[in-house]
Structures are given as C-alpha cells and as structure tokens.
Amino acid sequence: QNKTLSIKRMGYLACSLFLGPESEMLILLVATLQKDLMSKEVQEIAIALNTVTKIVSASIVSALVDPVTKLLNHAHELIRKKAIMALFKMYTISPTSVIEFNDKLKKALCDKDPSVMGASLAIYFELCKKNPQPYKELAGSFVAILKQILENKLPREYDYHRIPAPWIQIKLLQILGQIGANDPKVCEQIYEILAQAMKRADDTGINIGYAITYQCVKTIASIYPNQTLLETAANSVSKFLNAQTNTNWNNLKYLGNI
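Residues numbered from 1 in each chain as written. Predicted model: local features only at pLDDT ≥ 70, side-chain atom pairs only at ≥ 80, totals over all residues. Heavy atoms only, no water.

1. What about the packing of aromatic side chains?
Scanning the model with the defined rule gives five aromatic pairs in all. When the ring of F88 is compared with that of F101, the centres are 6.2 Å apart and the planes differ by 25 degrees; the resulting orientation is stacked. With F88 in helix 5 (residues 77-93) and F101 in helix 6 (residues 101-109), this residue pair connects regions lying 13 residues apart in the sequence. The two residues F88 and F101 agree in class, both being buried. Between Y124 and F142, the aromatic rings sit 5.5 Å apart at their centres with planes inclined by 75 degrees, giving edge-to-face as the arrangement. Pair noted here: Y124 is in helix 7 (residues 114-130) and F142 is in helix 8 (residues 139-150), with a separation of 18 residues, a long-range link. Exposure remark for Y124: the relative accessible area of 1% places this residue in the buried category. Judged by its relative accessible area of 0%, F142 falls in the buried class. (Phe/Tyr/Trp six-rings, centres within 6.5 Å; stacked < 30°, edge-to-face > 60°. Helix = DSSP H or I, 4+ residues; strand = E, 2+ residues; numbered from the N terminus. Buried < 20%, exposed > 50% of the residue type's maximum accessible area, 1.4 Å probe, protein only.)

2. Focus: the packing of helix 3 (residues 42-55) against helix 5
The description of two packed helices rests on the angle between their axes and on the distance between the axes. It is the contact of helix 3 with helix 5, at a shortest axis distance of 9 Å, that shows an interaxial angle of 20 degrees. Judged by the angle between their axes, helix 3 and helix 5 are roughly parallel. Classified by chirality, the crossing of helix 5 by helix 3 is left-handed. Mapping the contact onto sequence places V42, I45, A46, L49, N50, V52, T53 and K54 in helix 3 and L78, I79, K82, A83, M85, A86, K89 and M90 in helix 5. Grouping the constituent residues of the contact of helix 3 with helix 5 by class yields 11 nonpolar, two polar and three charged. (Axes fitted to C-alpha atoms, helices over the stretch in contact; angles between N-to-C directions. Parallel < 35°, antiparallel > 145°, perpendicular 65-115°, else oblique. Left-handed = near helix turned anticlockwise from the far one by under 90°. Contact = heavy atoms within 4.5 Å. Nonpolar A, V, L, I, M, F, W, Y, C, P; charged D, E, K, R; others polar.)

In structure tokens form, the structure reads like this:
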C-alpha cells in the first residue's frame, strides 16, 4: 500500500517470490492490485501488471481480467504492451475467463506502436506452436508487417546495426514457418516476402544479418516447399559452411551444420 514506488515494487516482488499460486494470501492482494491497475500513474500500473503476470492464478483471474482488459486502450504504449501480456497469462490459466481474447490480440497486432505489436507477435508464436490452424487467416497481416519492416517504415530506434527491427523480423519468420507448414495456399502469400527478407539479410555481412538468414533458412525448410527458395537456402547454408575470412567463422560453420 506504500505510495513510494520503490517500496511498492519491493512489496510486490516479495509477493511474487514467496506466494505460490495456491496461497490464500493472494486473495488479500486483489484489492490492492485492482486499485493500482486503475491508478493514474503509469509506473504504478506497470508495477501492478508485472505482478499480475507472475502471481495470477485461477482463483483470482476473474477479479483482475476486467481492469487489465480496460488497459488495452491506455494512452501509454508501455501499459498496452504489458496489458496484452498479462491478459495472455490469464488466458493460459483460464481461457473461459478472457472473453474474445483473439479479438483483443488482433487489436494489439494492429497497434500503432511497434512495441505493442511485437508483444502480440510473441503471443501469436506461442499459440501457433500449439495449433497454427486458427491463425492461418492472418498470414496476410504477418506478411504486411514484415514488408513494412523491410521497407524501413518502423521508427529508427528499432534498427540494430542498420538492420530494421531484426528481432521482430525473426519472430514473424518463426510464425510464418508455423502457419505455412504443409499449406500451399498460405505459402503463396509467404514466398515473395521470404525471398526479400533473406536477400536483404544475406547482403549485410554482420551477425544480426546472419541470424535473420538462419531463421529464413529454417522457415523455408518448414513451409510447403518452393524450389527457388530451397536453392537460395542451400546457397546460404553453403556460405556458412565455407566461411573462412569472417571473424566469427566458427559460429557460422556451426549454423551451417545445424
């Protein structure tokens, strides 16, 4: 209940560490969490959302789902990002308590801030690993986002060594690999952008570019086969295996072998 943020954070951290999901003391936290989730202070809300993702259990989901859901419309992108992550945790614990979760996730995917969109992609990847079928219809959206990234439409602060949003690229490639497996219709939407992503990453000659190339190769191997892309992937693997002059040639050879 302390108004000092550092002390409040410490109190919540202690609860996260020492209270298990079946602890009756969690119920005592509900009112405090609800109050902090409705606070006007961004940091108080962020601390409460962090705590929700760590301690929420089936016994308290119903009491917290509404205030967390309302935060999906918060003005600050940090809160929207943490809210969708907290809501996903609740969904994994009690799917019936989170009404229309997929619609809320789609809204986060279309968020104007890339950090919120990136958080939704991490969730989509986890969902696709379990069952990609319901998310195949979003192939066009995932491709459109990747195209925007490759065309440098995201803010410059998401660049790393002049590569646009590399970690978001990798997450998108992982998702496309999941939804494109054994599905030629979905893959027709994927082939072109996958070739573009691979060409751009292959031309960089830096580590993060190699990481994207590696993920492109994995995605090409996962989806319905395309002869042109398979040949491109084989060439990239050959470059990894034959690396001699690069300072990280041992790492590249390792990538080529796996």
